[in-house]
Amino acid sequence: MKTVFSPLHSLRSVKTELDGGILIEPHEKPSRAETILARVKSQTLGEVIEPEEFGLAPVKRVHTPDYVAFLEHCWADWVAEGKPGEAIPAVWCGRGMRPRMPKDIDGRLGYFSFAAETSISAGTWEAACASANVALTAQKLVANGERAAFALCRPPGHHAHADLFGGYCFFNNAAIAAQAFRDQGYERVAILDVDFHHGNGTQAIFYDRSDVLTISLHGDPDLVFPHFLGFEDETGEAEGEGYNLNIIYPPGTPYSEWSKGLETACKRIADFQPGALIIALGVDTFEEDPISFFKLKSKDYFSLGQRIEHLRLPTVFTMEGGYDVDAIGVNVVNVMQGFEGRA
Ligand code: OKP
Ligand code: MG
Ligand code: ZN
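Figured I'd write up the structure that's included with this text. (Residues numbered from 1 in each chain as written. Chains lettered and ligands numbered in written order. Predicted model: local features only at pLDDT ≥ 70, side-chain atom pairs only at ≥ 80, totals over all residues. Heavy atoms only, no water.)

This part is about the overall build of the protein chain. Scanning the protein chain for helices and strands turns up nine helices and 10 strands. Relative to its length of 343 residues, the protein chain is compact, with a C-alpha radius of gyration of 19 Å against a globular reference of 20 Å. The principal-axis extent of the C-alpha atoms belonging to the protein chain is close to 55 × 45 × 40 Å. Burial statistics for the protein chain: of 343 residues in total, 57% are counted as buried. If you take every contact in the protein chain between residues at least 6 apart in sequence, the share linking residues at least 24 apart comes to 77%. (Helix = DSSP H or I, 4+ residues; strand = E, 2+ residues; numbered from the N terminus. Rg over C-alpha atoms; globule rule 2.2 N^0.38 Å. Buried < 20%, exposed > 50% of the residue type's maximum accessible area, 1.4 Å probe, protein only. Contact = heavy atoms within 4.5 Å.)

Here it is in structure tokens:
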């Protein structure tokens, strides 16, 4: 299958991530994408192409105009205020306070985020736009008849809500691709999120809709990020009731357990009969991942790809998490090769 990749991802290169009360080197770093790209090439997965430019219209089908404008100008506004470091939110609208957008940049950073580990600096906007274009280009390949395409997105997207960044995510690339299918006449689209973390943004964006089925398999949010969404009693609302599925697991989960939820998810997707499938692909389920607690092994990613292929659906893979950089290329490309029956 073809891989879509933009060198502009490297413009997303913040120096800080707030973790444990100190600023560490971010887990979500440029070498992640470069390592995956190198493996795509060494395994001759298929052609690697650069994204087309789609502009902001398809992004604004998912994200609010205020949020998009905030992201575009955030870094310049921060610098103009004379701030010495990277832009990090440090104040939020707590319970009982008023959810209105403040003028001040500190206020807006809090208004448009849900977490503080995700710093913003020069180039974040450009990389986030390129990442959305990567997803949209893969979506177009599949809409034009390719069986599958790999959107090597960076920064990732599944934590981003319509108007919130956090969890290393700015634009929800999977949601943008799903909405593009809908806007091109596909009646039903499914998004399956296999990243270790709950796809809170994706869930929230489609929560009251029955045309986009959202399913996420993830670590128990009582124990891990994003903490405030992703529980199993979240099944959708209004029109969307029954069209969101969360499957959560405890620490130490191996593929033999994890794959039972995958089976449940695949059966639900088959029943839904979507015209296209988006896989929000994180490989932070890996046993050596530095911030996660599942125990998947490299070979398990072949099985994952194979099971997804058995759905026989036009499929777009969007890259999400995975922080063991030494193994990220092998694990990601194993999914694709399992899908292609090359395991
Ligand atoms: C992004 B994606 C680690 C805290 C983790 C943020 C995790 C974001 C994950 N000390 N905080 O879903 O892979
Ligand atoms: Mg997930
Ligand atoms: Zn993750």
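Resuming the write-up.
So, about the coordination of the zinc ion (ligand 3). At 2.0 to 2.7 Å from the zinc ion (ligand 3) lie its protein donor atoms, namely Asp195 (OD), Asp195 (OD), His197 (ND1) and Asp284 (OD). Each donor residue of the zinc ion (ligand 3) belongs to the same chain, and together they define the spacing D-x1-H-x86-D. You can see His197 sitting in the loop between strand E6 (189–193) and helix H6 (200–206) and its partner Asp284 sitting in the loop between strand E9 (276–281) and helix H8 (300–309), a full 87 residues away along the chain. Its relative accessible area of 0% is what places Asp284 among the buried residues. (Donors = N, O, S within 2.8 Å, 3.2 Å for Na, K, Ca; no water.)

If you walk through the whole model with that rule in mind, you get two cavities of 30 Å³ or more. For the largest cavity, the calculated volume is near 50 Å³. Ile191, Asp193, His198, Gly199, Thr202, Gln203, Thr214, Ile215, Ser216, Asn244 and Asn246 are the residues that line the largest cavity. Listing elements by their share of the lining of the largest cavity, those giving two or more residues are E6, H6, strand E7 (212–219) and strand E8 (244–249). (1 Å grid on protein atoms, 1.4 Å probe; cavity = no way out; pocket = protein on both sides within 12 Å on 5 of 7 lines; lining within 4 Å. Points joined across faces, edges and corners; volume = space filled by probe spheres on them.)

Next up on the list: the coordination of the magnesium ion (ligand 2). Surrounding the magnesium ion (ligand 2) are the protein donor atoms Asp193 (OD), Asp195 (O), His197 (O), Ser216 (OG) and Leu217 (O), which sit 2.6 to 2.7 Å from the metal. In the primary sequence, the donor residues of the magnesium ion (ligand 2) line up as D-x1-D-x1-H-x18-S-L. Residue Asp195 shares its accessibility class with His197, and that shared class is buried.

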